[in-house]
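One-letter residues, chain by chain:
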Amino acid sequence: MSVRVRFAPSPTGMLHVGALRDALFKSLFARHHHGVLILRIEDTDRTRYSPESEAEFISTLKWVGIEFDEGPHIGGPNAPYRQSERKEAGVYQPWIEKLMSLGHAYKAFDTPQELEEMREIQTINKQSTGYYGGVWRDATAEQVAAAEAEGKPYVIRQRIPRDITISIHDAVRGRVEWDSNTIDDPVLIKADGMPTYHFASMVDDHLMDITHIIRGEEWLSSAPKHAALFDAFGWNRPVFVHCPLIVGLDGKKLSKRHGATRVLDYAAQGFMAGPLKNFIALIGWSPGDDREAMSEQELVDAFDISGVQPSPGKFDFEKLKWLNGLAIRAMEPFALLDEITDYLRTPYTLDYFNQLVSDDPKVDPKKIEKALLDLDRAIEKDKPYALEVIKLEQQRVQTLADFGEACAFFFAELPEMDPKAVEKWFGQAHVGQLFDTLIAGCGTTFIDGSDPVDYENALKEFQVTHQIEKLGPIVHPTRVALTGKPTGPGLFELMAVLGPARIKARLLRAKEMLK
RNA sequence: GGCCCGGUCGUCUAGUGGUUUAGGACAUCGCCCUUUCACGGCGAAGAUCGCGGGUUCGAGUCCCGUCCGGGCUACCA
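Enquirer: Is there a simple way to explain the overall build of chain A in this structure?
Expert: For chain A, the helix and strand inventory stands at 22 helices and 11 strands. For a compact globule of 515 residues, the expected C-alpha radius of gyration is about 24 Å, and chain A comes in at 32 Å, more than 25% above that figure. Evaluated residue by residue, chain A yields a buried proportion of 49% over its 515 residues. Partitioning the intrachain contacts of chain A with sequence separation of at least 6 by distance along the chain shows that 74% fall at a separation of at least 24. A total accessible area of about 24,600 Å² is found for chain A, and carbon and sulfur atoms account for 52% of it.

Given below as structure tokens:
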């Protein structure tokens, strides 16, 4: 049978990188084996479900480029794909009845208070907490009938077999076993009639012919319950694959308090889907050789469970930046310009910086937001010019967001001047003459379409005639006059892109600053 | 507390008993390139393979113990 896997999120909040990793591994695995990837929405907890969250999951997954073969947004032979809808359609009812008739499930009429007291007593006595029998596991038919006649609310619990060893063969950890007496009886159907994850997910996995249950390690401890359920029905168990968690710098499972974990935020920060996937894939999985930067296709070709690691991994932001920068540098300028345009026009990009509160004094979100806005306008106004600018900055940025501030001086009427740079380079005696010479050259020596070499020759000529030993004292003041900064692309290249009109205006302003 | 999982440079990892003085990558530092910053190239530093026993001619690799970390312990997923 061909491989069938499912991504079954519970849309109760934002899509974070842990969930992305989960989806990515499944996607890579399905594609590698030419199998099927299903999206199933686990919304059995009606109090926590949010439609906005589901929308974010679907749109983020689309942005990142993970596509499903079946799901609520596209349909498929196993519809519906939302568990609440499946419940309404009566999918689970016959199965819970069958399980009870088989003796593998029973009604339990305990009240929440009774359960709480039970746990308290267990805690005090240093026993493991959980429902290992209570009064209802072994209640007589009469007791149950009486409780039902009273109209008492009840849940349906799974009757975990006692005094046996439950073992699974986990694809990344090997054999894992439990004494079944340490496994409590999980609730399968809640008092409101909704199935729990334990029940709905396993029934659906069986009904949808899921071959591999790939999920995070946090599920390992409930695996024996799930295995026992498959056994109770007499179904073939899927292969269990418990992947290591992505943890925060503190080594703990990723959560909101670990700061930036929302996938959308990475997109807003200018990370591209390709490198992000590449990076995420490398946490907890390795192709087995030294490869790091891999294309989508290489990832699919190389991915398999044998490369999945058992130990948890931390999210190394610096490495993500490196991978992203590598991808930017590898792009064709035209494609890059399109990528940047898409990025700028995604509403969340500007919203993100607008709402961002920086704890780093060197990072000013408002300034980044403005630079991004200016870049968008500049691209619209003069695309060929913007393309030349992008080409020059492509080699020195790591994220799409970096283009904003890196390119700003090209588009500003007159660039913002860095006072330190001005102080350092505008003091020497020849600077006034230098600027005059260059201003005079604009329109004569320098015309639209002049090459970098033309600018280089002119500056070198000035060097010779004024007998200046090095080119630095000429290049640096000119750079500061033109860009406002001491760093940036090669001076001659940027002059050629700027063109004589802009150069002249900037030099005239710089001359004023000499006085 | 109970059950389960994990433990190789700061970080991600290679390594499935012997070509290992433990390899690669990010980050760090140095040199080269160079008009600057990057990029790129070269190089350095950085891991007594958590610790202790054992098995073996030989262990990061197998076994036991121990420590530390983590996950789960809901009518959440």
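That covers the picture; the talk isn't over yet.
Enquirer: What exactly am I supposed to notice about the protein's contact with RNA strand B here?
Expert: Contacts to RNA strand B come from 66 residues, most closely from R173, K253, G284, R396 and G488. In RNA strand B, atoms within 4 Å of the protein come from the sugar-phosphate backbone in 70% of cases. Within the side chain of K190, one N or O atom sits 2.9 Å away from a phosphate oxygen of RNA strand B. The separation between a base oxygen of RNA strand B and a polar main-chain atom of A191 is 2.7 Å. Looking at the surface near RNA strand B, the elements with two or more residues in it are α5 (112-124), β4 (155-158), β6 (174-179), β11 (313-314), α12 (317-330), α21 (472-483) and α22 (491-514). Of the residues forming the surface near RNA strand B, the biggest block, 5 residues, is contributed by α12. Broken down by class, the residue content of the surface near RNA strand B amounts to 22 nonpolar, 20 polar and 24 charged.

Enquirer: Would you explain unusual backbone geometry in this entry?
Expert: Across the junction of A79 and P80, the peptide omega takes the value -5°, indicating a cis bond. Its place among the elements puts P80 in the loop between α2 (51-64) and α3 (83-88). Notably, H34 is not glycine yet its phi reads approximately 55°, a positive angle. Inspection of the secondary structure puts H34 in the loop between α1 (17-32) and β2 (36-39).

Enquirer: So what exactly am I meant to see when it comes to the side chain of S53 here?
Expert: With respect to the helices, strands and loops of the structure, S53 is situated in helix α2. Here S53 falls in the buried class, since its relative accessible area comes to 4%. Looking at S53, its side chain comes within polar contact range of the main-chain oxygen of P11, at 3.4 Å. Dropping the residues within four chain positions of it, S53 is found in contact with P11, T12 and G13.

Enquirer: Explain the pattern of salt bridges to me, please; I cannot follow it from the model alone.
Expert: Between side chains of opposite charge, a pair can form as their charged atoms come close. One pass over the full model with this rule turns up 34 salt bridges. Between E380 and R345 there is a salt bridge whose closest N-O contact spans 4.0 Å. Highlighted residues: E380 in helix α15 (residues 365-381) and R345 in helix α13 (residues 333-345), separated in sequence by 35 residues. R345 gets classed as partly exposed once you look at its relative accessible area, which sits at 43%. When the shortest N-O distance is used, the salt bridge between R377 and D374 registers 3.5 Å. Residue R377 and its partner D374 are both found in helix α15; the two are separated by 3 residues, about one turn of the helix.

Conventions and cut-offs
- Residues numbered from 1 in each chain as written.
- Chains lettered and ligands numbered in written order.
- Predicted model: local features only at pLDDT ≥ 70, side-chain atom pairs only at ≥ 80, totals over all residues.
- Heavy atoms only, no water.
- Helix = DSSP H or I, 4+ residues; strand = E, 2+ residues; numbered from the N terminus.
- Rg over C-alpha atoms; globule rule 2.2 N^0.38 Å.
- Buried < 20%, exposed > 50% of the residue type's maximum accessible area, 1.4 Å probe, protein only.
- Contact = heavy atoms within 4.5 Å.
- Areas by Shrake-Rupley, 256 points an atom, 1.4 Å probe, with all protein chains shown as cover.
- Near = heavy atom within 4 Å.
- Polar contact = N/O pair within 3.5 Å; in protein donor to acceptor, adjacent residues only side chain to side chain.
- Nonpolar A, V, L, I, M, F, W, Y, C, P; charged D, E, K, R; others polar.
- Salt bridge = Lys/Arg side-chain N within 4 Å of Asp/Glu carboxyl O.

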